Amino acid sequence: MEGILCFLGPVHSPYCRDIGIFWLLVSSLFVSSSAILMDSVVSHSTFTCEPIGLRMCQDLPYNSTFMPNLLNHYDQQTAALAMEPFHPMVNLQCSSDLRPFLCALYAPVCMEYGRVSLPCRSLCLHSKRDCQNLMDMFGLTWPEEMECSRFPDCDESYPRAVDLMTSANTTDQSPMAVQRDYGFWCPRELKVEPELGYTFLGVRDCSAPCPNMYFRREELAFARYFIGVVSIVCLSATLFTFLTFLIDVTRFRYPERPIIFYAVCYMMVSLVFFLGFLLEDRVACNAASPSQFKASSVTQGSHNKACTLLFMVLYFFTMAGSVWWVILTITWFLAAVPKWGSEAIEKKALLFHASAWGIPGLLTVVLLAMNKIEGDNISGVCFVGLYDVHTLRWFVLAPLCLDVLVGVSLLLVGIVALNRVRMEIPLEKENQDKLVKFMIRIGVFSVLYLVPLLTVVGCYLYEQSYRSVWETTWVQERCREYHIPCPFQVEQTKRPDLVLFLMKYLMVLVVGIPSVFWVGSKKTCFEWASFFHGRRRKDSAVNESRQVLQEPDFAQSLLRDPNTPIIRKSRGTSTQGTSTHASSTHLAMLDDVRSKAGSVHSKMSSYHGSLHRSRDGSPPSHRGMEERPPYGSMPRLNDQSRHSSVRDLSNAPPTNITHGSSMNRVVEDDGASA
């Protein structure tokens, strides 16, 4: 009744004062624990029996407790905050069993290792029954974790006599005798809402801290500027490659066309890292909330739209770039081993594009469905596998290793095939030099791609091997600050080196720069000069390397049967005592014969036309004979020459024109650049 009067008017009494205090505490939930005697309480690291520091649990039959308690509070400070709403109820003495029951849960008696004493169910039922009316008055409910059905069915006070005997024996033992390992406990500052689905160190509803948990702020600032500079360099190189392709889209055909798409992929990768440099940690990290005791934490999942977009672009084009490199080795293999032409390879372009864009797209969708996005508070972007080792293993390491294995195998087979052509087929020295230069270009380009990629794979493997050691070291260094259990029996501690992460980011970006090596040539300089002068240079003649490698004798050598004897052919010269001419000479003769045939037809038409007009009485006209034929024939032609020309045309042997392999097309533009 007096409690109701306290709400109706100002009643000056200790009872009303307690009611007011209780209401303020309930409305503010958890407040500062300055009123609690916690001066002697420090965060535990060895899980020994420790003195009770909770004010509510003073003057009990026992004076030592252990943590974590029965409600999974990992230290007495956390337990004190959780007990705060019950203080007015204990002061109001709504039940004599409430205080020992609460202390049995929040500060249980310390017993020997492995033994826990639970309060009896009767103690819980009496406390709940006696204080139910007061709880209903203030709209409170009995906590679910304190449900009475969870306790043993007995009717004894707490602590029991046997508990006190065990407790006395325990206090005489060494504190090390009761050490326990409870694993990682998520600090209060790093806890997040359950609906976000965060996970950190195997604990749900927990997130990694921001800034990075391994490095200092000055180290992170240096790393961010380093990544920004490298991303600008890579972006410039890949953008130059792509723009060179746009100036003359017909220049790069298969099998070298995948280099352009490869450059586009790493252009997007470098662009994302550059955006991460500009955004710093505004996307990769969640903002701190001091009013809710929340520290800045790493973004996870797809709830952050900007982080999700950065992840999709970065992961998709990273995987697509590696797939395009594999496709590049496939096209080289098809051109070098089965001798596919450029047109034949280009017919498979739809399949190449479906694989290069479809496989990374499928992996990206799977990761989005699994909600495995993680913010990178070093580079400022969002990626996968930064804190989840299993995701790193299956969605990053496995695809990259598979691409390296397939690509290197096809590349080696293609180089061996080209080397066999160089060694077994006698070519002119000029052709030999061009082929050697082309093989050198393939080798250098492949090394410039594989060395950074293998370095990235090595960094990921090293990071995966030592990730648990780094995490244990971090927990051991920060457990007292966060008031969480410290690791038990740590065998090895080690912090990661910043150089390792800088090397990883450097190689991720540098892997896109080799595309400049392929387009870098004199012809590229001429094309850019013509572009800036506002005109397009039209080649009046075939490029030197194209002319050499498109000659039919070289093409026939590549396409010949291994059992067919080799007949050395050259341009207009004979070898081995024969007078055999190159097919190119036959092509020239065929053009000359066709020119003569056209001239004969023109002259005969003019001659018959003049005769027909003379028969009709009109004067003969020699205009047709004076006109210059379209193919530059002689202006006058007698009957003997006409008949001999016709005989030459009719007796001309059929000429077979053989197209060269697509390797001719690969070297044709930039053969001299090596």
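What you see is a predicted model, and the numbers here were worked out from it, not measured in a lab.

Caption draft 1: Main features of the UniProt feature "transmembrane region" (unreviewed entry) in the protein chain. The UniProt entry lists residues 20-38, 222-247, 259-279, 309-334, 354-373, 394-418, 438-462 and 498-520 under the feature "transmembrane region" (unreviewed entry), expressed in the numbering used here. Across residues 354-373 one finds 85% helix and 0% strand; the C-alpha atoms that close the span lie 25 Å apart. The distance separating the terminal C-alpha atoms of residues 498-520 is 34 Å; by composition the span is 83% helix and 0% strand.

Caption draft 2: Fine view of the state of the cysteines. Within this structure, the stated rule accounts for eight disulfides. Note that Cys-120 is cross-linked by a disulfide to Cys-154, the S-S spacing being 1.9 Å. Taking the sign of the torsion about the S-S bond as the criterion, the disulfide between Cys-120 and Cys-154, at about -105°, is left-handed. Of this pair, Cys-120 sits in the loop between α5 (98-106) and α6 (121-137) while Cys-154 sits in the loop between α6 and α7 (161-172), placing them 34 residues apart in sequence.

Caption draft 3: Up close: the packing of aromatic side chains. Scanning the entire structure with this criterion turns up 37 aromatic pairs. Consider the rings of Phe-200 and Tyr-387, whose centres lie 6.3 Å apart with planes at 80°: the pair is edge-to-face. Of the two residues, Phe-200 sits in strand β3 (residues 199-200) while Tyr-387 sits in the loop between β8 (382-383) and α13 (389-424), which places them 187 residues apart along the sequence. Considered together, Phe-200 and Tyr-387 belong to a single accessibility category, that of buried residues. On the numbers, 5.4 Å between centres and 70° between planes, the contact of Tyr-225 with Phe-277 is edge-to-face. Within this pair, whereas Tyr-225 is found in helix α8 (residues 217-247), its partner Phe-277 is found in helix α9 (residues 258-279), the two being separated by 52 residues in sequence. Judged by its relative accessible area of 56%, Tyr-225 falls in the exposed class. Through a chain of ring-to-ring contacts, three or more aromatic side chains come together here, namely Tyr-262, Tyr-266, Trp-325, Trp-332, Phe-445, Tyr-449 and Trp-518. Looking at Lys-494, its charged tip hangs above the ring of Tyr-466, at a distance of 4.5 Å from the centre. A cation over a ring is seen here: Lys-504 above Tyr-505, with NZ or CZ 5.1 Å from the ring centre.

Caption draft 4: Molecular detail of the pattern of salt bridges. Enumeration according to the criterion identifies twelve salt bridges in this entry. Taking the shortest distance from any N to any O, the salt bridge between Arg-216 and Glu-218 comes out at 2.8 Å. For Arg-216, a relative accessible area of 48% gives the class partly exposed. The network of salt bridges with common partners includes Arg-216, Glu-218 and Glu-219.

Caption draft 5: Spatial organisation of the side chain of Thr-329. Along the polypeptide, Thr-329 turns up in helix α10 (residues 305-336). With relative accessibility at 0%, the residue Thr-329 sits in the buried group. Among the polar contacts made by the side chain of Thr-329, one reaches the main-chain carbonyl oxygen of Val-326 at a distance of 2.5 Å. What Thr-329 contacts, discounting residues up to four positions off in sequence, is Gly-407, Leu-410 and Leu-411.

Caption draft 6: The packing of α5 against α6, seen in detail. Direction vectors running N to C along α5 and α6 enclose 125°, while the axes themselves pass 9 Å from each other. By the angle class used here, α5 and α6 are oblique. Pair α5 / α6 crosses with left-handed handedness. Taken together, the residues of α6 that come into contact with α5 (itself represented by Leu-98, Pro-100 and Phe-101) are Leu-123, Cys-124, Ser-127 and Cys-131. The class makeup of the residues in the contact of α5 with α6 is six nonpolar, one polar and no charged.

Caption draft 7: View of α9. Here α9 contains 22 residues, and its C-alpha end-to-end distance of 32 Å stays within 8% of the 32 Å for a straight helix at 1.5 Å per residue. Where burial is concerned, most of α9 is hidden: 16 out of the 22 residues are buried. At the exit of α9 stands Glu-280, carrying a positive phi of roughly 55°.

Caption draft 8: Spotlight on the environment of Tyr-449. Note on placement: Tyr-449 falls in helix α14 (residues 429-482). On the accessibility criterion, Tyr-449 (0% relative accessible area) is buried. C-alpha separation for the pair Tyr-449 and Val-510, spaced 61 residues apart in sequence, amounts to 8.5 Å. If we ignore the near neighbours within four places in the chain, the residues touching Tyr-449 are Tyr-262, Tyr-266, Gly-321, Ser-322, Trp-325, Val-511 and Pro-514.

Caption draft 9: How the structure looks around empty space enclosed by the protein. This model, assessed by the stated rule, comprises five cavities of 30 Å³ or more. Size it by volume and the largest cavity reaches roughly 280 Å³. Of all elements in the fold, only α9, α10, α13, α14 and α15 (498-510) reach the threshold of two or more residues within the lining of the largest cavity. Its residues assigned to classes, the lining of the largest cavity shows 20 nonpolar, three polar and three charged. Computed from the structure, the second largest cavity encloses a volume of approximately 110 Å³. Lining the second largest cavity are 14 residues, and of these Asn-212, Leu-386, Tyr-387, Glu-463 and Phe-501 lie nearest its centre. At the level of elements, α14 and α15 are the ones that each hand at least two residues to the lining of the second largest cavity.

What counts and what doesn't
- Residues numbered from 1 in each chain as written.
- Predicted model: local features only at pLDDT ≥ 70, side-chain atom pairs only at ≥ 80, totals over all residues.
- Heavy atoms only, no water.
- UniProt positions renumbered as here; feature names shortened; annotations may be inferred.
- Helix = DSSP H or I, 4+ residues; strand = E, 2+ residues; numbered from the N terminus.
- Disulfide = S-S within 2.5 Å.
- Phe/Tyr/Trp six-rings, centres within 6.5 Å; stacked < 30°, edge-to-face > 60°.
- Buried < 20%, exposed > 50% of the residue type's maximum accessible area, 1.4 Å probe, protein only.
- Lys NZ or Arg CZ within 6 Å of the ring centre and 35° of its normal.
- Salt bridge = Lys/Arg side-chain N within 4 Å of Asp/Glu carboxyl O.
- Polar contact = N/O pair within 3.5 Å; in protein donor to acceptor, adjacent residues only side chain to side chain.
- Contact = heavy atoms within 4.5 Å.
- Axes fitted to C-alpha atoms, helices over the stretch in contact; angles between N-to-C directions.
- Parallel < 35°, antiparallel > 145°, perpendicular 65-115°, else oblique.
- Left-handed = near helix turned anticlockwise from the far one by under 90°.
- Nonpolar A, V, L, I, M, F, W, Y, C, P; charged D, E, K, R; others polar.
- Expected span 1.5 Å × (residues − 1).
- 1 Å grid on protein atoms, 1.4 Å probe; cavity = no way out; pocket = protein on both sides within 12 Å on 5 of 7 lines; lining within 4 Å.
- Points joined across faces, edges and corners; volume = space filled by probe spheres on them.

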